[in-house]
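So the chains spell out like this:
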Amino acid sequence: MLTKEEGKKIKKLFGYRYANKILAIFKNENFLQENGEEYGSAAIRNWANGLEVSERLDGFCLEAVAIYKKDKKARESRRKEILSNV
């Protein structure tokens, strides 16, 4: 479970509509509930606000954060590479 401070950091990292961005990663990675259904944005918001969620959802969300950070770093690196040659 996240603390309120950790939740604020994650919201800042993802920015506006953070739940939809996390859900997009869930869909790409096929992260599903135990019953096979997709998670909803309310579940992501509850997690980010530090409310009680399952360990499964917590793990998926943390993995989504890691994926997003990796992709963001790669985009920034690529941007610098392209713009350095302009």
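Read on for a plain summary of the structure. (Residues numbered from 1 in each chain as written. Predicted model: local features only at pLDDT ≥ 70, side-chain atom pairs only at ≥ 80, totals over all residues. Heavy atoms only, no water.)

Once that is clear, we can look at the environment of Leu32. Here Leu32 is to be found in the loop between helix H2 (18-29) and helix H3 (41-48). Between the alpha carbons of Leu32 and Ile67 there is a distance of 16 Å; along the sequence they are 35 residues apart. Non-local contacts of Leu32, meaning those with residues more than four positions away in its chain, are made with Glu37, Glu38, Tyr39, Arg56 and Phe60. (Helix = DSSP H or I, 4+ residues; strand = E, 2+ residues; numbered from the N terminus. Contact = heavy atoms within 4.5 Å.)

By the definition in use, this model includes six aromatic pairs. Plain terms: the ring middles of Phe26 and Phe31 are 5.5 Å apart, the flat faces sit at 75 degrees to each other, and that makes the pair edge-to-face. A residue is classified by how much of its surface remains accessible, and Phe26, at 3% relative accessible area, is buried. Consider the rings of Tyr39 and Phe60, whose centres lie 6.2 Å apart with planes at 80 degrees: the pair is edge-to-face. With a gap of 21 residues between them, Tyr39 in the loop between H2 and H3 and Phe60 in helix H4 (residues 55-84) connect regions that are remote in the sequence. In this structure Tyr39 comes out as buried when scored by relative accessible area, which is 13%. Of the residues examined, Phe60 reaches a relative accessible area of 17% and is grouped as buried. Above the ring of Tyr68, the side-chain terminus of Arg75 is found at 5.8 Å from the ring centroid. (Phe/Tyr/Trp six-rings, centres within 6.5 Å; stacked < 30°, edge-to-face > 60°. Buried < 20%, exposed > 50% of the residue type's maximum accessible area, 1.4 Å probe, protein only. Lys NZ or Arg CZ within 6 Å of the ring centre and 35° of its normal.)

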